[in-house]
Amino acid sequence: MKYGEKEIVEFDINKEEHFWPNKNKKNYIIDIELPEFMAKCPRSGYPDFATIKLQYTPNEKVIELKALKLYINSFMFREVSHENSANEIFDTLYEKLQPRWMKVIADFKPRGNVHTVIEIDSDKM
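About the cut-offs
Residues numbered from 1 in each chain as written. Predicted model: local features only at pLDDT ≥ 70, side-chain atom pairs only at ≥ 80, totals over all residues. Heavy atoms only, no water. UniProt positions renumbered as here; feature names shortened; annotations may be inferred. Helix = DSSP H or I, 4+ residues; strand = E, 2+ residues; numbered from the N terminus. Contact = heavy atoms within 4.5 Å.

The chain appears in an unreviewed UniProt entry as NADPH-dependent 7-cyano-7-deazaguanine reductase from Halarcobacter mediterraneus. The Pathway (unreviewed entry) comment attached to the chain in UniProt states, word for word, "tRNA modification; tRNA-queuosine biosynthesis." Regarding the chain, the relevant UniProt record gives this comment under Function (unreviewed entry): "Catalyzes the NADPH-dependent reduction of 7-cyano-7-deazaguanine (preQ0) to 7-aminomethyl-7-deazaguanine (preQ1)."

This is the structure we're talking about:
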């Protein structure tokens, strides 16, 4: 196994070292785009590709960007649906960050003439 694959496979999003204190008390939005998301279709095993957009207003913590990259890359070895991957990303990050506000948009590339976009917004929960 190559060193990058090993780092992704062994990555644990639950480690506290991946979350840093937010020293800024004002409301501001962090806007991150991850254009190389990949997971496997649980039915066919074919790869699904998406751009994941994360926006959040931090409270006490922010996520370290390398940790976010490794977490998103960890999905490439998994069989998970569009809906479940988007919801898992939202739930995991929302639980760990406990932000003032957060939105995740998973914009999947068309496959079989179907284009799926999943949006989860903490203000609409």
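**Q** Would you mind showing me how to read the UniProt feature "active site" (unreviewed entry) in the chain here?
**A** Annotation from UniProt places "active site" (unreviewed entry) at Cys41 and Asp48. Inspection of the secondary structure assignment puts cysteine 41 in the loop between strand 2 (30-40) and strand 3 (47-57). As for its placement among the helices and strands, aspartate 48 is situated in strand 3. Beyond its immediate chain neighbours, meaning those up to four positions away, aspartate 48 contacts Phe37, Met38, Ala39, Lys40, Cys41, His82, Phe108 and Arg111.

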